[in-house]
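Listed below are the residues making up each chain.
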There are 2 protein chains.
Amino acid sequence: MAQRPQFAGWLSDTNDVTATFLAAGQIPGLINLGGGLPEPSTYPAAELSALAGRAIEEHPHATLNYPPIDGLPALRDLLAKRFTTDTLHLTRDNVIITSGGMQALDLVGKVLVDAGQTITCQSPAYLGAIDAWKPRLPSYRPIKLEDDNLDLTAAFTGAQFAYTVPNFSNPSGRLVSLEQRKAIVDAAHATGTWLVEDDPYGSLYLDGEPLPRLLDLSAAQKPGPYDGPIIYMGTFSKEVAPGLRIGWIIAAPELIAALKTAKQGSDMCSSGLSQQVVIGAFEQGLPEKILPNVLATYRARRDALLEAMDEHLAPFYEWERPVGGMFVWARARDPMLDTNALLKEGLSHGVCISPSSVFDPEGTDRGGVRINFTLNTEDKLREGARRLAIATASLISKHRQAA
Amino acid sequence: MAQRPQFAGWLSDTNDVTATFLAAGQIPGLINLGGGLPEPSTYPAAELSALAGRAIEEHPHATLNYPPIDGLPALRDLLAKRFTTDTLHLTRDNVIITSGGMQALDLVGKVLVDAGQTITCQSPAYLGAIDAWKPRLPSYRPIKLEDDNLDLTAAFTGAQFAYTVPNFSNPSGRLVSLEQRKAIVDAAHATGTWLVEDDPYGSLYLDGEPLPRLLDLSAAQKPGPYDGPIIYMGTFSKEVAPGLRIGWIIAAPELIAALKTAKQGSDMCSSGLSQQVVIGAFEQGLPEKILPNVLATYRARRDALLEAMDEHLAPFYEWERPVGGMFVWARARDPMLDTNALLKEGLSHGVCISPSSVFDPEGTDRGGVRINFTLNTEDKLREGARRLAIATASLISKHRQAA
């Protein structure tokens with residue numbers, strides 16, 4: 001047979017970490033600290049099942065026909081109302097429904113990035129965002145928000161957009177302070193750059209009160225219907241359950257209109273059945289209803305993990321205590337430690353972590369690991385930390401022998 | 001406020017036809033022959049409602065957690081089995097689930113097209129395919145399958161893929177003959193080009209027996225598990241109901257693997273709830289159960305439309321009787337008739353059609369109209385044809401006065 005055409009160029013830019021992850025799923029007894037999954041027992045399955053049972057019967061048009069490209073009007077209205085405050089004025093025109101949070105990232109890339117253009121990106125950054133934007137061939141300008149000398153205006157100037165996760169960033173778990181939130185919003189207003197506020201973990205404050213969203217801080221600067229530079233992304237996946245694949249973007253109407261054009265050519269519209277179930281879930285207040293149990297579960301697991309890390313991992317890593325979200329981000333003390341190699345070494349000791357390279361837009365950082373605390377029981381987290389210590393010691397010993 | 005970054009270049013390539021369509025939805029009493037929607041009364045709403053009611057309770061993991069990127073294994077297995085024949089051998093590895101047929105087009109564009117590369121495209125072509133590929137900046141090589149002098153080998157050589165809709169192409173309603181199907185498959189095998197067989201209307205044979213798929217003809221040439229050049233696309237939208245947003249691609253495993261990478265960064269996975277309902281629908285044989293009523297309804301509507309077209313539109317247009325699908329494609333006899341202008345003229349006479357320009361990858365064809373016969377009752381179709389005749393006569397009269 002004749003030779004086949006090559007795949008698109010962006011597909012060649014892969015690493016073997018993903019393949020290693022996939023293989024990990026087959027290892028018996030493995031403790032997987034590498035993912036970012038919620039605890040399924042927190043899903044309100046009975047309530048969602050009842051909603052699904054009524055959705056088609058009560059709303060056959062909305063669930064079985066093509067829904068509008070930008071989402072069911074009732075869901076857009078409900079989200080506009082949910083995020084409206086005294087100073088943030090939203091209507092349906094500020095909202096588009098997406099097929100999960102991942103599609104929100106894909107659509108923003110399609111609408112705002114031509115090949116070679118610049119994305120200013122909080123670093124380390126969410127793996128999924130880097131994946132979503134690969135086909136657009138962007139150029140990255142990584143910024144470290146913890147850097148005291150960071151010049152935000154210079155960082156934002158000339159970029160198509162800036163990407164931030166102010167609440168418990170994936171992977172770092174970092175919470176951006178109120179003072180820095182204000183500075184970020186000011187820089188976006190001053191430079192005109194669009195500013196993505198990706199907020200999947202906004203409900204997961206394990207300690208303390210939620211800080212204002214960038215969206216709220218931006219709206220407070222200008223009265224009237226929102227038309228500012230913030231592109232706010234939320235998702236039903238982390239608030240209730242991921243399997244329905246419903247997320248949303250709140251932004252200026254001109255951007256929502258462009259995203260709608262991009263969504264039309266991406267999947268036409270999101271599942272009408274999923275959207276109708278999400279409407280019912282919001283109307284019943286399910287996110288608020290399950291939140292206390294979610295927070296109690298995750299708080300206990302985080303505390304168990306941190307205690308075990310203090311016991312087993314302090315010689316090898318340093319980390320900050322995350323005040324929310326799903327992850328602990330640990331940096332290796334030994335500059336020789338290669339966490340890509342640690343992923344494989346860990347698997348042979350029955351534990352899986354995420355290495356820092358996959359969160360680096362340039363793929364070079366080998367000095368950190370992301371450890372998830374939401375999916376495993378406290379006992380498993382303790383045992384996972386113990387295994388990771390053994391794997392780390394073993395790898396360091398191998399590095400020393402090779403050096 | 002500082003100036004905002006420009007949107008990506010492909011977004012500037014729009015016309016005002018879409019805006020005109022949207023405005024049309026607001027006109028009272030309008031007869032819309034411009035869309036491509038199924039008749040909602042054919043949807044098995046009660047059966048789908050019962051399936052949705054059981055899906056979460058019986059399959060909480062599949063419906064509420066993240067489903068696998070490439071789809072629920074049970075659905076992939078079911079589709080592999082459904083399309084397997086004596087000579088076509090398929091496994092799960094040949095199948096990926098997509099969020100509707102539109103996402104299948106989007107993913108193929110992401111995986112196979114870099115800017116400037118060539119797509120060989122049956123012309124006129126499905127509007128949605130052109131939309132899906134715009135962000136990839138392709139170069140088009142249009143082919144007319146009705147052209148007796150068409151050299152398929154030359155047409156396919158050097159293209160990343162060729163795009164065809166062999167069953168009742170949108171917009172032309174054309175059925176590709178068995179002889180030409182064989183020639184198309186031979187050319188794909190000889191040149192190595194990937195060959196997209198987009199088949200949303202494959203169940204809608206209103207007259208006669210279905211012809212073999214390109215996928216079947218390709219598989220018959222080579223024994224063993226399928227790894228040939230056909231990329232077959234199907235959808236639940238036209239077989240049962242569109243609101244669940246479930247489609248599928250059947251192709252060589254190496255292509256499915258690349259599509260999976262693209263889907264991961266597009267929407268991570270399709271709605272687990274929708275997928276579980278589709279599994280139940282296939283297990284109950286719902287597509288086969290509703291098909292006789294679907295065909296009887298659409299056959300009567302097609303016949304009513306054609307009769308009314310004979311009566312009112314023969315002086316202005318010529319067309320072929322479609323033996324399936326959802327559309328009649330009419331070409332204007334008067335070369336001066338501009339069907340973009342006819343869209344607007346028709347709206348002022350209470351009828352909406354799709355002009356040929358939106359189905360032309362180069363956007364220049366102004367000589368045809370696509371008329372849908374699936375959504376409206378026979379009476380409305382007759383009245384729509386009558387209104388279209390009045391609008392056409394009015395526009396020709398205006399053209400003559402201006403000339």
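Residues numbered from 1 in each chain as written. Chains lettered and ligands numbered in written order. Predicted model: local features only at pLDDT ≥ 70, side-chain atom pairs only at ≥ 80, totals over all residues.

For the rest of this paragraph, the subject is the overall build of chain A. From N to C terminus, chain A includes 15 helices and 13 strands. Principal-axis analysis of the C-alpha atoms gives chain A an extent of 65 × 65 × 50 Å. A buried classification covers 56% of the 403 residues belonging to chain A. Within chain A, contacts between residues separated by at least 24 positions form 75% of all contacts whose residues are at least 6 apart in sequence. (Helix = DSSP H or I, 4+ residues; strand = E, 2+ residues; numbered from the N terminus. Buried ≥ 20, exposed ≤ 12 C-beta atoms within 10 Å, placed from the backbone. Contact = placed C-beta atoms within 7 Å.)

Residues and elements named next belong to chain A. One open sheet holds the four strands; their spatial order is β9-β10-β13-β12, and the pairing between them is antiparallel. Looking at which strands have only one partner, the edges of the open sheet turn out to be β9 (317-319) and β12 (354-355). With two bridges joining them, β12 and strand β13 (residues 368-372) adopt antiparallel strand pairing. Following the sheet pairing, Pro355 is matched in β13 by Val369. (Pairing = 2+ DSSP bridges.)

Looking now at the relation of the copies chain A and chain B. A rotation about some axis, followed by a shift along it, carries one copy of the chain onto the other. Take chain A, turn it by 180 degrees, move it 0.0 Å along the axis, and it overlays chain B with an RMSD of 0.0 Å. The symmetry that links the two subunits is that of a two-fold axis. Closest to the rotation axis within chain A is the C-alpha of Gly53 of chain A, separated from it by 1.7 Å. In this assembly, 100% of the residues forming the interface of chain A have copies in chain B that are likewise at the interface, indicating an isologous arrangement. (Least-squares fit on C-alpha atoms with pLDDT ≥ 70 in both.)

Working note: α-helix, 3.6 residues per turn, so residues spaced by three or four point in the same direction. Residues and elements named next belong to chain B. Across its 27 residues, helix α13 (residues 286-312) extends 38 Å between first and last C-alpha, which sits within 8% of the 39 Å expected from 1.5 Å per residue. If you look at α13, its biggest bend is around 35 degrees, right at Pro292. Looking only at α13, the buried set comprises Leu286, Val294, Tyr298, Arg301, Arg302, Leu305, Ala308, Met309 and His312. Turning to α13, the residues buried within the fold contact α2 (45-58), α12 (272-283), β9 (317-319), β10 (327-332), β13 (368-372) and α15 (378-402). (Expected span 1.5 Å × (residues − 1). Bend = angle between axes of the 7 residues up to and from the residue.)

Residues and elements named next belong to chain A. Inspection of the secondary structure puts Pro138 in the loop between α6 (127-133) and β4 (139-143). Classification of Pro138 as buried rests on a count of 23 C-beta atoms within 10 Å. C-alpha of Pro138 to C-alpha of Gly116: the two residues are 22 residues apart in sequence and 4.9 Å apart in space. Other than its neighbours up to four places away in sequence, Pro138 contacts Val113, Gln117, Ile119 and Trp133.

Moving on: the pairing of strand β4 (residues 139-143) of chain B. Residues and elements named next belong to chain B. Two elements, strand β3 (residues 118-122) and β4, share five bridges in a ladder whose sense is parallel. Opposite Gln122, over in β4, you have Ile143 as the bridge partner. What joins β3 to β4 is helix α6 (residues 127-133), and the crossover it makes is right-handed. (Right-handed = clockwise from strand over helix to strand, strands pointing away.)

Turning to the sheet that holds strand β2 (residues 95-98) of chain A, a few remarks are in order. All names here are of chain A. With respect to topology, seven strands assemble into an open sheet ordered β2-β8-β7-β6-β5-β3-β4, the strand pairing being mixed. In the strand order of this sheet, the two ends are held by β2 and β4, each with one partner. Within this sheet the neighbouring strands show an average axis-to-axis angle of 20 degrees, counted without direction. Its contacts with the sheet place helix α4 (residues 73-83) against β2 and β8 (247-250), and it is angled at close to 120 degrees to β2. (Axes fitted to C-alpha atoms, helices over the stretch in contact; angles between N-to-C directions.)

Size of an interface, as often reported, equals the accessible area lost when the parts are brought together. In this assembly, 67 residues from chain A lie in contact with 67 residues from chain B. When contributions to the side of chain A that touches chain B are tallied by element, the ones reaching two or more residues are α2 (45-58), α3 (60-64), α5 (100-112), α6, α8 (178-191), α11 (253-264) and α12 (272-283) of chain A. For the side of chain A that touches chain B, the element with the most residues is α2 of chain A, which contributes eight residues. Of the residues belonging to the side of chain A that touches chain B, the class tally is 35 nonpolar, 23 polar and nine charged. (Nonpolar A, V, L, I, M, F, W, Y, C, P; charged D, E, K, R; others polar.)

All names here are of chain A. Annotation of chain A at the domain level lists domain 1 (15-36 + 290-402) and domain 2 (45-284). Placing the centre of domain 1 and that of domain 2 at their C-alpha centroids yields a distance of 28 Å. Of the residues lining the interface, 24 residues belong to domain 1; the matching set on domain 2 comes to 23 residues. Sorting the residues of the side of domain 1 that touches domain 2 by element identifies α13 (286-312) and β10 (327-332) as the ones contributing at least two each. The element best represented in the side of domain 1 that touches domain 2 is α13, accounting for six residues. (Domains from an automatic or database assignment.)

What follows concerns helix α11 (residues 253-264) of chain B. Residue and element names in this part refer to chain B. For α11, which comprises twelve residues, the first-to-last C-alpha distance of 16 Å matches the rise-based estimate of 16 Å (1.5 Å per residue) to within 8%. For α11, the full list of buried residues reads Leu255, Ile256, Ala258, Leu259, Thr261, Ala262 and Lys263. Looking at the buried side of α11, the elements it contacts are β2 (95-98), α5 (100-112), β7 (230-235) and β8 (247-250).

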